[in-house]
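Results of the structural survey
The chain contents come next:
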Amino acid sequence: MLERSRVAADLLHILQIMLRRVPGGLALSITVMGTIMAATTGIIGASVVMMTLLALPTMLNRGYQHSLATGTIAASATLGILIPPSIMLVLMANLLAVSVGNLFIGAVLPGLVLSGLYFMYIMTRASINPSVAPPLPEDMIRVEPTNRSNVTLYFGIVIGIVLAVVVLSNLGIDWVNWSLIGFLAIFSVSMWIGRKEGNTIFGGILKGFVPPIFLIIMVLGSIFAGWATPTEAAGIGAFGSMVLAAFNRTLTIDVVREVCHRTGLTTAMIFFIFVGATAFSTVFRNVYGEDLIIEFIEFLELGPWPLLFLLMFSVFLMGFFFDFLEITLIILPVFAPVIKAFAPEFAPHLGLEGLPFQQVQDQVIYWFAILVAVNLQTSFLTPPFGFALFYMKGVSPPEVKMQDIYKGIIPFVTLQLIGLGVVILFPQVTLWLPELMLN
């Protein structure tokens, strides 16, 4: 539904305008859009297809190098599997019997680290070699002048709504959530003024940025504020995307029918993979594969850090041949208890000295889960079974070859491994935000 609501198209349009003078501005716009859209959906299939259809023809028409264009889109679109609300984190939390909310909060900064690495790489490469990412010609940007009276009207109404919320919240009427009502009122005003402004920078900002922010706050805000469980927040997100489609006048019976059909197909695909992966892991355990791995680890007599690096290397290699569901179902149940047993050895690196043993174990498991999640980002890009690559090829123009896509993802997989190293070396990237919000 989000794909059909034109939210992504409006966001890409205003980002191109705002970053038009920055080296590689269009590719940077794709990266920012992928990061924002990642916080609205938990799977990557729709994101890759949507961003490829929207952005790839434009990038090719602007003269972008095929490999840079495809690599940027594939890497940015797969951020949704790490940045919450991610279905992968939900499955991990279920397997590890830990809080989904804590994993969601802990994955925010690592996801932004990856996005930042993409941003720096694209800007650096476009600055060194502008021919791979030509700037957007000025004559391609047609922006009307902003109507100052609309700007004054907008901020006047927003200030009035904020003051009204403050006053009404102090009246002691506890059964009404005035903050939520105020938020919805500001959103409605933003959409109204944005449509009234038309093709201006101010109108583009309202139409491009406000809808994704609205959906992010609806989904993640309801989880972090304790108003909804992740499952309930999914329903809120689906309803919110329908509201956005209604505001953009794209909500029709045919659209609803198509969206329900595609959602059913996507859900069925995921659960068939889940059934197959569960069967595989069950047979693996019944033939004592789990015991064999543990005995092999004990035979190697590895310390905590060599063991951790061996596990990360194993996850990376498995990402070339297995889906993230299968890897998660195999790796986490087998290796999480082993990592938990080494928790006291990891405690000094994580800054957990002096804490109770159970608390140290919990924090180490959260850190390990995020490490696996960041590592599994590569599984969507690494051939021969990188799902994002085949999603992209299926909707790419004929001149884009599979070799271009494979070549384009190499630097981004390298950046993902650098991001994994950052999370290993600086565990507070994962642990700081959950600690801050829980306290």
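All residue numbers refer to positions counted from 1 along the written sequence of the respective chain. Local features in this predicted model are restricted to residues whose pLDDT is 70 or higher, and side-chain atom pairs enter the listing and the counts only when it is 80 or higher, whereas totals over whole chains, interfaces and linings include all residues. Hydrogens are left out, water is left out, and the side-chain values use all remaining heavy atoms of the structure.

1. Observations concerning the overall build of the protein chain
Secondary structure counts use DSSP, requiring at least four H or I residues in a row for a helix and at least two E residues in a row for a strand, with both numbered from the N terminus. Across its full length, the protein chain carries 19 helices and 0 strands. Only C-alpha atoms enter the radius of gyration; for comparison, a globular chain is expected to reach 2.2 Å times N to the power 0.38, where N is the number of residues. Its C-alpha radius of gyration of 23 Å places the protein chain within 12% of the 22 Å reference for a compact globule of 439 residues. Taken along its principal axes, the extent of the C-alpha atoms in the protein chain is 75 × 65 × 45 Å. Relative to its full complement of 439 residues, the protein chain shows a buried share of 49%. Of all intrachain contacts in the protein chain linking residues separated by at least 6 positions in sequence, the fraction that spans at least 24 positions is 77%. Summing over all exposed atoms, the protein chain offers an accessible surface of approximately 20000 Å²; the carbon and sulfur share of this is 69%. Residue burial is assigned from relative accessible area. The probe radius is 1.4 Å, only protein chains are included, and a residue is buried under 20% of its type maximum, exposed over 50%, and partly exposed in between. Residue contacts follow a heavy-atom distance rule, with two residues in contact if any of their heavy atoms lie within 4.5 Å. Only the protein chains shown count as cover for residues, and the accessible areas themselves come from Shrake-Rupley with a 1.4 Å probe.

2. Focus: the nonpolar core
Of all hydrophobic cores here, the largest spans 129 residues; its most connected members are Met59, Met92, Trp367 and Phe368. The element contributing the most residues to this core is helix α16 (residues 357-376), with 13 residues. When near neighbours in sequence (up to four residues on either side) are disregarded, tryptophan 367 contacts Trp305, Leu308, Phe346, His349, Leu350, Val423, Ile424, Pro427, Thr430 and Leu431. The set of buried Ala, Val, Leu, Ile, Met, Phe, Trp, Tyr and Cys residues whose side-chain atoms join them within 4.5 Å is what this entry labels a nonpolar core.

3. Considering the pattern of salt bridges
What makes a salt bridge here is a side-chain nitrogen of Lys or Arg within 4 Å of a carboxyl oxygen of Asp or Glu, nothing more. Per the stated rule, a full pass over the model turns up 1 salt bridge. Its salt-bridge partner being aspartate 254, residue arginine 257 comes within 2.9 Å of it at the nearest N-O pair. Note that arginine 257 and aspartate 254 are positioned in helix α11 (residues 253-286) at a spacing of 3 residues, about one turn of the helix. The class for arginine 257 is exposed, based on a relative accessible area of 53%.

4. Describing the confidence of the model for the protein chain
Confidence in the prediction of the protein chain, expressed as mean pLDDT, is 80, and 94% of residues score 70 or more. Across the protein chain, the element-wise mean pLDDT spans from 71 in helix α12 (residues 289-300) up to 88 in helix α18 (residues 402-425). pLDDT measures the predictor's confidence residue by residue and takes values from 0 up to 100.

5. Focus: a nonpolar patch on the surface
What makes a patch is a set of residues exposed beyond 30% relative accessible area and free of salt bridges, joined within 9 Å when like-charged and within 5 Å when nonpolar (Val, Leu, Ile, Met, Phe, Trp, Tyr). A contiguous nonpolar patch, built from Met18, Val143, Ile201 and Ile205 and spanning about 290 Å² of accessible area, is present on the exposed surface. Inspection of the secondary structure puts isoleucine 201 in helix α9 (residues 201-224).

6. So, the packing of aromatic side chains
For Phe, Tyr and Trp, rings pair up if their centres lie within 6.5 Å, where Trp contributes its six-membered ring, and each pair is then called stacked (planes under 30 degrees apart), edge-to-face (over 60) or tilted (otherwise). Under the definition given, this model contains 13 aromatic pairs. With centroids separated by 5.6 Å and ring planes inclined at 75°, the aromatic side chains of tyrosine 154 and phenylalanine 202 adopt a geometry described as edge-to-face. Of the two residues, tyrosine 154 sits in helix α7 (residues 148-169) while phenylalanine 202 sits in helix α9, which places them 48 residues apart along the sequence. Take phenylalanine 202: its relative accessible area is 13%, and that puts it in the buried class. Their ring planes at 15° and their centres at 4.0 Å tell us that phenylalanine 187 and phenylalanine 214 sit as a pair that is stacked. Taken together, the residues phenylalanine 187 in helix α8 (residues 178-197) and phenylalanine 214 in helix α9 connect sequence positions 27 residues apart. With respect to burial, phenylalanine 187 and phenylalanine 214 carry one shared label: buried. Ring-pair connections join several aromatic residues into one group, and the members of that group are Phe183, Phe187, Phe214 and Phe247.

7. Examining helix α15 (residues 343-350)
All of the buried residues in α15 are Ala343, Phe346, Ala347 and Leu350. What you see down the axis of α15 is that its buried residues fit within an arc of 125°, all on one side. Where α15 terminates, the next one or two residues include glycine 351, which has phi positive at roughly 70°. Arc definition: it is the arc formed by the directions from the helix axis to the C-beta atoms.

8. What about the packing of helix α5 (residues 87-96) against helix α6 (residues 100-128)?
Between the N-to-C directions of two axes lies an angle of 0 to 180 degrees, each axis being a line fitted to C-alpha atoms and, for a helix, fitted only over the stretch in contact. Running from N to C, α5 and α6 cross one another at 135°; their axes reach a closest spacing of 9 Å. With respect to their mutual orientation, α5 and α6 come out oblique. α6 is crossed by α5, and the crossing has right-handed handedness. From α5, Leu89, Val90, Met92 and Ala93 reach across to α6, where they touch Val100, Leu103, Phe104 and Ala107. A breakdown of the residues in the contact of α5 with α6 according to their chemical character gives 8 nonpolar, no polar and no charged. These descriptions rest on fixed angle ranges, namely under 35 degrees for roughly parallel, over 145 for roughly antiparallel, 65 to 115 for roughly perpendicular, and the rest for oblique. The crossing is said to be left-handed when, going from far helix to near helix, the turn is anticlockwise and less than a right angle, and right-handed when the turn is clockwise. Throughout, the ten residues Ala, Val, Leu, Ile, Met, Phe, Trp, Tyr, Cys and Pro are labelled nonpolar, Asp, Glu, Lys and Arg are labelled charged, and all others, Gly among them, are labelled polar.

9. Here's the deal with the side chain of threonine 72
In this structure, threonine 72 sits in helix α4 (residues 66-77). Excluding its chain neighbours within four sequence positions, the residues that come into contact with threonine 72 are Ala27, Ile30, Thr31, Ile122 and Phe412.

10. Topic: the environment of glutamine 403
Looking at the secondary structure, you find glutamine 403 in helix α18. Placed 401 residues apart in sequence, glutamine 403 and leucine 2 show a C-alpha to C-alpha distance of 31 Å.

11. Things to note about the packing of helix α14 (residues 324-341) against α15
Helix-helix packing: each pair is described by the crossing angle between the helix axes and the interaxial distance. Taken N-terminus to C-terminus, the directions of α14 and α15 make an angle of 70°; their axes are 6 Å apart at the nearest point. Taken together, the axis directions place α14 and α15 in an arrangement best described as roughly perpendicular. Two secondary-structure elements touch here, α14 through Ile339, Lys340 and Ala341 and α15 through Ala343, Pro344, Glu345 and Phe346. Looking at the contact of α14 with α15 residue by residue, the classes come out as 5 nonpolar, no polar and 2 charged.

12. Some words on α7
Expected helix span is taken as 1.5 Å per residue step, with the number of steps being one fewer than the number of residues. For α7, which comprises 22 residues, the first-to-last C-alpha distance of 32 Å matches the rise-based estimate of 32 Å (1.5 Å per residue) to within 8%. Along α7, the residues classified as buried are Asn150, Tyr154, Val158, Ile161 and Val165. One side of α7 holds all its buried residues, which, seen down the axis, span an arc of 70°. Among the exposed residues of α7, those pointing more than 90 degrees away from its buried face are Arg148, Thr152, Leu163 and Val167.

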